[in-house]
Amino acid sequence: MYFKKILVAIALIGLIIVGYFAYYIYSVMFVPNTAFNNSEAYIYVKSDATYNDVRADLEPLLKDIKAFDALANQKKYTTNIKAGKYKIVKGMNNNDIINSIRSNNIPIKLSFNNQQSIELLAGRIATQIEADSISLLNSMTDEEFLTKNGFSSKTNLGMYLPNSYEFFWNTSADGFRDRMLKEYNRFWNETRLNKAREIGLNPDKVMTLASIVHEESKQRSEQPRIAGVYINRIKNKWPLQADPTLKFAAYQLPKFRNTVIKRVLNVHKEIDSPYNTYKNLGLPPGLIAMPDISAIEAVLNYEKHKYFYFAASADKPGYHKFAKTLSQHNQNARDYQRYLSKQGITK
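It should be emphasised that the depicted structure is a prediction, and the values quoted were computed from it without experimental measurement.

**Student:** Whenever I open this one, the pairing of strand E1 (residues 40-45) confuses me. Can you help?
**Tutor:** Where a strand is regular, its side chains alternate between the two sheet faces. Taking every second residue as pointing to the same face, the buried face of E1 carries Ala41, Ile43 and Val45, while none of Glu40, Tyr42 and Tyr44 on the other face is buried. Relative to strand E2 (residues 84-89), E1 runs antiparallel, the two being bridged by six bridges. Opposite Ile43, over in E2, you have Tyr86 as the bridge partner.

**Student:** Explain the packing of helix H11 (residues 223-235) against helix H14 (residues 293-300) to me, please; I cannot follow it from the model alone.
**Tutor:** For any two helices packed against each other, the geometry comes down to the angle between their axes and how far apart the axes lie. Their axes nearest at 8 Å, the elements H11 and H14 cross at an angle of 50°. What the angle tells us is that H11 and H14 run oblique. Crossing of H11 against H14: the hand is right-handed. Counting all contacts with H11, which are made through Gln223, Pro224 and Ala227, the residues of H14 involved are Ser294, Ala295, Ala298 and Val299. Here the residues of the contact of H11 with H14 sort into five nonpolar, two polar and no charged.

**Student:** For this particular structure, what's the right way to read the nonpolar core?
**Tutor:** General note: in soluble globular proteins, nonpolar side chains tend to be found buried as a group. If you look at the biggest cluster of nonpolar residues, it comprises 63 residues, and the most contacted ones within it are Phe112, Tyr160 and Phe176. Ignoring sequence-local partners within four residues, the contact set of Tyr160 consists of Phe112, Ile118, Leu121, Met140, Phe176, Arg177, Met180 and Met290. In this structure, Phe36, Val45, Ala72 and Met92 belong to the second largest nonpolar core, which totals 21 residues.

**Student:** What is the right way to look at the packing of aromatic side chains in this model?
**Tutor:** For any pair of aromatic rings, geometry is given as the distance between the ring centres together with the angle between the planes. Summed over the entire model, instances satisfying the criterion amount to 14 aromatic pairs. Between the aromatic rings of Tyr230 and Phe310, the centroid separation amounts to 5.7 Å while the plane-to-plane angle is 80°, which identifies the pairing as edge-to-face. Of this pair, Tyr230 sits in helix H11 while Phe310 sits in strand E5 (residues 309-312), and the two are 80 residues apart along the sequence. Across the pair, Phe310 and Tyr230 agree in class, each one buried. Members of the aromatic cluster, joined through ring pairs, are Tyr230, Tyr307, Phe310 and Phe322. The ring centre of Phe322 lies 5.5 Å from the NZ or CZ of Arg225, which sits over that ring. Directly above the aromatic system of Tyr302 lies the positively charged group of Lys304, at a separation of 4.7 Å from the ring centroid.

**Student:** Honestly, the side chain of Lys85 in this entry has me stumped. Any pointers?
**Tutor:** You can see Lys85 is positioned in strand E2. No salt bridge is formed by the buried Lys85; the nearest opposite charge belongs to Glu40, separated by 7.9 Å. Excluding anything up to four places from it in sequence, Lys85 contacts Tyr42, Ile43, Tyr44, Asn104, Asn105, Ile106, Ile108 and Trp169.

**Student:** Any chance you could explain the environment of Leu193 here in plain terms?
**Tutor:** Here Leu193 is to be found in helix H9 (residues 190-199). For Leu193 and Tyr165, which are 28 residues apart along the polypeptide, the C-alpha to C-alpha distance reads 23 Å. Those residues in contact with Leu193 that lie beyond four places of it in its chain are Trp188 and Pro203.

**Student:** Is there a simple way to think about H9 in this case?
**Tutor:** Because each turn of an α-helix spans 3.6 residues, side chains separated by three or four positions in sequence point in the same direction. Arg192, Ala196 and Ile199 are the residues of H9 that are buried. An end-on view of H9 places all buried positions within 60° of arc, on one side of the element. Of the exposed residues in H9, the ones pointing more than 90 degrees away from its buried face are Arg197 and Glu198. Residues of H9 that are buried make contact with helix H8 (173-187), helix H10 (203-216), H11 and H14. Positive backbone phi, approximately 90°, marks Gly200, located one or two places after H9.

**Student:** Whenever I open this one, the pattern of salt bridges confuses me. Can you help?
**Tutor:** Oppositely charged side chains may form a pair once their charged atoms are brought near each other. Within the structure shown, the criterion is met by 11 salt bridges. Note that Arg177 and Asp174 form a salt bridge whose closest N and O atoms lie 3.7 Å from each other. Taken together, the residues Arg177 and Asp174, both in helix H8 and three residues apart, mark about one turn of the helix. Among the residues examined, Arg177 registers a relative accessible area of 10% and is labelled buried. The residue Arg186 makes a salt bridge to Glu183 at a minimum N-O spacing of 3.0 Å. Of the two residues, Arg186 and Glu183 both sit in helix H8, three residues apart, roughly one turn of that helix. For Arg186, a relative accessible area of 53% gives the class exposed. For Glu183, a relative accessible area of 15% translates into the label buried.

**Student:** Honestly, helix H2 (residues 51-58) in this entry has me stumped. Any pointers?
**Tutor:** Along H2, the residues classified as buried are Tyr51, Val54 and Leu58. Looking down the long axis of H2, one finds its buried residues gathered within 65° of arc, a one-sided arrangement. Contacts from the buried residues of H2 go to E1, helix H3 (65-74), E2 and helix H4 (94-103).

Scoring rules and cut-offs
- Residues numbered from 1 in each chain as written.
- Predicted model: local features only at pLDDT ≥ 70, side-chain atom pairs only at ≥ 80, totals over all residues.
- Heavy atoms only, no water.
- Buried < 20%, exposed > 50% of the residue type's maximum accessible area, 1.4 Å probe, protein only.
- Helix = DSSP H or I, 4+ residues; strand = E, 2+ residues; numbered from the N terminus.
- Pairing = 2+ DSSP bridges.
- Axes fitted to C-alpha atoms, helices over the stretch in contact; angles between N-to-C directions.
- Parallel < 35°, antiparallel > 145°, perpendicular 65-115°, else oblique.
- Left-handed = near helix turned anticlockwise from the far one by under 90°.
- Contact = heavy atoms within 4.5 Å.
- Nonpolar A, V, L, I, M, F, W, Y, C, P; charged D, E, K, R; others polar.
- Core = buried A, V, L, I, M, F, W, Y, C linked by side-chain atoms within 4.5 Å.
- Phe/Tyr/Trp six-rings, centres within 6.5 Å; stacked < 30°, edge-to-face > 60°.
- Lys NZ or Arg CZ within 6 Å of the ring centre and 35° of its normal.
- Lys, Arg positive; Asp, Glu negative; His and termini not counted.
- Salt bridge = Lys/Arg side-chain N within 4 Å of Asp/Glu carboxyl O.
- Arc of directions from axis to C-beta.

Pasting the structure below:
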């Protein structure tokens, strides 16, 4: 009888231990462990992150970090950290959280618009992915990469087409650059290449002209007409005389670098630069800014007409007046100069 009591006691103690262990496992794995009020929260895990780094980001979001530690260790997450952006949904338990941050890297929408330089582009991208601006700039200006893919320091900005793209947050600098090259090659399909050939331009020159067209006008409706003016000038071996190229040339000089040129003057036309299209025939050696896709398409599908001149409109700011003769152009230009003077814009 006494022996039976001992066996019953042992059995009861065993059941208690098993029950406690089961409860512990349940509480560690399946009890909700989020401490935030929003419907979801995100953490960003860097490529060189340790478990302690991840833990520090998670701690403010969880009710019981030690319970999370126990399961993370059991599931070997502590030695198998995955970089990326991860979502934690309110009410998740530790098991769900670990599964999410181990395998559900969320893509981000990366976007950029018309950056004026490769340096500014690197800075813009660095605000959206893990790679920093210095590593991005080094990657985008790597001479071996540029030479291998037919670019130079003057044309490399044209490889980046302003748009929105899906990336993983932990994309490296080289990964971003290489993806943009694929997007560029996809954009320059056979149809667009044939259109460029028909104009007598290659993709680099199309991009350069598009950068001028875009700097002249942000109005999509008139970009093809502006492109047509420049194509007419190129075909007739006239200088482009594009004011945006003068501004670009001026901003390379210390005298003008920290200024804003609102009015092109004769002093700008005398600048000695290959980007001075008043002094030099043909297109400048590279882009003066990043063009919109609309401006690229405007060049490839330029409006065929007999206009050789255009001037900013005094009647409709943001638009232009087009002319076939120099006398009409001079009148349009005088109207706009008077408009600038009335606005107090002298330089």
